[in-house]
Amino acid sequence: MSENWRDRLQLWAPYALTPLIVLAALPAMGVGPWLTLTVAGLTMGIMLFLVASGLTLIFGLMDVLNFAHAAFVTVGAYVTVSVLRPLVGWTTEYSLTLNLIALFVALVSAAVASGALGFVFERVIIRQVYGAPLRQILITIGALTVIEQLVIVVWGPQALVLPKPASLRGSVFIGSSSIETYRLVALAVGLTVAVAMHFFLTRTRLGLVVRAGVEDREMVQALGYHIRRVFVGVFMAGTALAGMGGMMWGQYQELVTSQIGDSMTILVFIILIIGGLGSVGGCFIGAILVGLTSNYVGFLAPKLALGSNILLMALILLWQPRGLFPIAEH
Amino acid sequence: MTGAGADALLRLEGVHTDIGRYRILHGVNLEVRRGRVTALLGRNGAGKTTTLRTIMGLWKARSGRIMFDGQSLAGMATPHIARLGVAYVPENMGIFGKLTVRENMLLATAPSGFAESHLDRVLESFPALKVKWDSAAGSLSGGQKQMLAIGRAIVEPRRLLLIDEPTKGLSPAMVDQLVAALARLKGEQTTVLLVEQNFRVAEAIGDDVAVMDEGHINHTGDMAALAADESLQHRLLGLRMADGL
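Parameters at a glance
- Residues numbered from 1 in each chain as written.
- Chains lettered and ligands numbered in written order.
- Predicted model: local features only at pLDDT ≥ 70, side-chain atom pairs only at ≥ 80, totals over all residues.
- Heavy atoms only, no water.
- Helix = DSSP H or I, 4+ residues; strand = E, 2+ residues; numbered from the N terminus.
- Contact = heavy atoms within 4.5 Å.
- Pairing = 2+ DSSP bridges.
- Axes fitted to C-alpha atoms, helices over the stretch in contact; angles between N-to-C directions.
- Phe/Tyr/Trp six-rings, centres within 6.5 Å; stacked < 30°, edge-to-face > 60°.
- Buried < 20%, exposed > 50% of the residue type's maximum accessible area, 1.4 Å probe, protein only.
- Parallel < 35°, antiparallel > 145°, perpendicular 65-115°, else oblique.
- Left-handed = near helix turned anticlockwise from the far one by under 90°.
- Nonpolar A, V, L, I, M, F, W, Y, C, P; charged D, E, K, R; others polar.

### Points about the environment of arginine 53 of chain B
Topologically, arginine 53 of chain B is positioned in helix α1 (residues 48-55). Through-space distance from the C-alpha of arginine 53 of chain B to that of leucine 162 of chain B is 9.1 Å; in sequence the pair is 109 residues apart. When sequence neighbours within four positions are dropped, the list of residues in contact with arginine 53 of chain B reads Glu218 of chain A together with Leu58, Trp59 and Tyr88 of chain B.

Structure, rendered in structure tokens:
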């Protein structure tokens, strides 16, 4: 194989991984379950992407490892409960329009609440520990515990029920496949956010600064941009996305507990490592891979389900030690 | 630097800079005259890069004064210094490899985007950038990256260019091309502070020269005078440097 072809293969192989896994799963389970599990995997992946994308940018831009990111997921989920309670008339009515408006209000509220909390969090906690990774780990883990306990103080220790809106319960049938309606909505919402983020990062000056900052923040400053201010914006956006992820995940599970964010943490870090630190595109592919693997393995080999994503991460790291699309060098 | 009354755009007075526990600059005094190219020469570890980074605010001066067009840069953040019209081309070029050539250049422009006349001038000096306009900057050769780094620095009108070892690691043909582009800048009366290890390049472009050793300036004067005085070159720079190796 010529050098040129080897380079091309090296370049495109990470992109081909997801379609290959999807195609390989088809003969193993038959069309019906395959379609159901593929949509389920994509939905799970897109929700994980919302949470993980902010975290990867926060790390890529300023080397900040925020272990409290899960807290913003939790806050987003609880704010959703509070927002949808007075809108119960809109969610129990069998009207797709009213149901979607209620979800939209909840989504925006969760994003705003988590984003605002993120702004305060950056000022009070993160700003004190720039450039000190060990202190970052300790203080953000501590902050995670404090926020989760505050959530219990405000909303109580009991799990809260968060029923899906009336018209989004049940399933759509395509041939022998049954696909939950809510999953399709969550997939559409997640993809819309992902496309908007892609547009922001590739078509706007600020997005360009963010992408450049992930590569070399010192040079970005030398070009006249205040990287700290950009970081505050990215931190807020990242926590707002986590809040959106919490809203959608809580609604998907129909149950909200103070541990809802924690339950995603391991998967989110696996996604960051698989995708390559600092890469939003890598994060997207990593999240989809994790979502699909969880669902396929859960069906094909339930006993392996728990460790499937760790196994996936190990295999990818053996192949690409810095993840599929690494950007951050620092 | 070369006589009283000279029109200094940049003046460093007794600048000390520490990196960690180590003092790298020991009272640097330097003037960069308006519209001229000042070559900053010296052996590895003499403090040339530290001087540029200190001017740019990337490392903070512990003491001393840095005056840019009569304004003190002390305590000023790097983005503020950049917005005064100071452009920096670091030794590692500071190219964003995942971004395209166009995106790299766009980052250095005003919010309104490219000014056609300036962009045309850059692309005329560095035609390779036009060919690679929509390619990832990481895919460029070393010489093309250096062209991009310098092109990015001059895509907007700048008052002062700080360029750190632009010819390092380049092929002779690429060095010639770069020297031609820098000579064109010189012809446009751009003020440049150029750190360079290659004496022949410094000689070809520099109007003034400052030589550093162990964190301070130990010689300033006309480039032409230093170029004509071999014994001075040997004394200040050593054989390797003076031979342009």
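After that view, the rundown keeps rolling.
### Digging into the sheet that holds strand β3 (residues 37-42) of chain B
All names here are of chain B. Across the sheet, which stays open at both edges, the six strands sit in the order β6-β7-β8-β3-β9-β10 with mixed pairing between neighbours. Looking at the sheet topology across the chains shown, the edges are occupied by β6 (86-89) and β10 (216-222). Neighbour-to-neighbour, the strand axes of this sheet turn through a mean angle of 15°, independent of strand direction. Pairing geometry for β3 and strand β9 (residues 208-213), over five bridges, is parallel. For glycine 42, the partnering residue across the bridge sits in β9 and is methionine 212.

### Focus on the sheet that holds strand β5 (residues 71-72) of chain B
All names here are of chain B. Ordered by their spatial adjacency, four strands build an open sheet running β2-β1-β4-β5, and the pairing between neighbours is antiparallel. Bordering the open sheet on either side are β2 (22-33) and β5, each of which pairs with just one other strand. Across nine bridges, the pairing between strand β1 (residues 8-19) and β2 is antiparallel. Each bridged residue has a counterpart across the sheet, and for valine 15 the counterpart in β2 is valine 28. On top of the sheet, α1 reaches β1, β2 and β4 (61-68); it is set at about 110° to β1, its chief contact.

### Regarding the packing of aromatic side chains
All names here are of chain A. Inspection of the entire model under this criterion finds 13 aromatic pairs over all chains. Ring plane angle 45° and centroid distance 5.3 Å describe the contact between tryptophan 12 and tyrosine 15, whose orientation is recorded as tilted. Highlighted residues: tryptophan 12 and tyrosine 15, both in helix α1 (residues 3-29), separated by three residues, approximately one helical turn. Given a relative accessible area of 43%, tyrosine 15 falls into the partly exposed group. Seen in terms of ring centroids, tyrosine 15 and phenylalanine 325 are 4.8 Å apart; in terms of plane orientation they differ by 55°. Their pairing is tilted.

### Remarks on the packing of helix α2 (residues 31-62) of chain A against helix α8 (residues 205-215) of chain A
Between two packed helices, the angle of one axis relative to the other and the distance separating the axes together describe the packing. Residues and elements named next belong to chain A. Relative orientation of the contacting elements α2 and α8 amounts to 60°, with a least axis distance of 6 Å. It follows that α2 is oblique to α8 by the angle criterion. Between α2 and α8 lies a crossing of left-handed hand. Contact residues: α2 offers Leu57, Gly60 and Leu61, while α8 offers Val210, Gly213 and Val214. For the contact of α2 with α8, the per-class residue count stands at four nonpolar, two polar and no charged.

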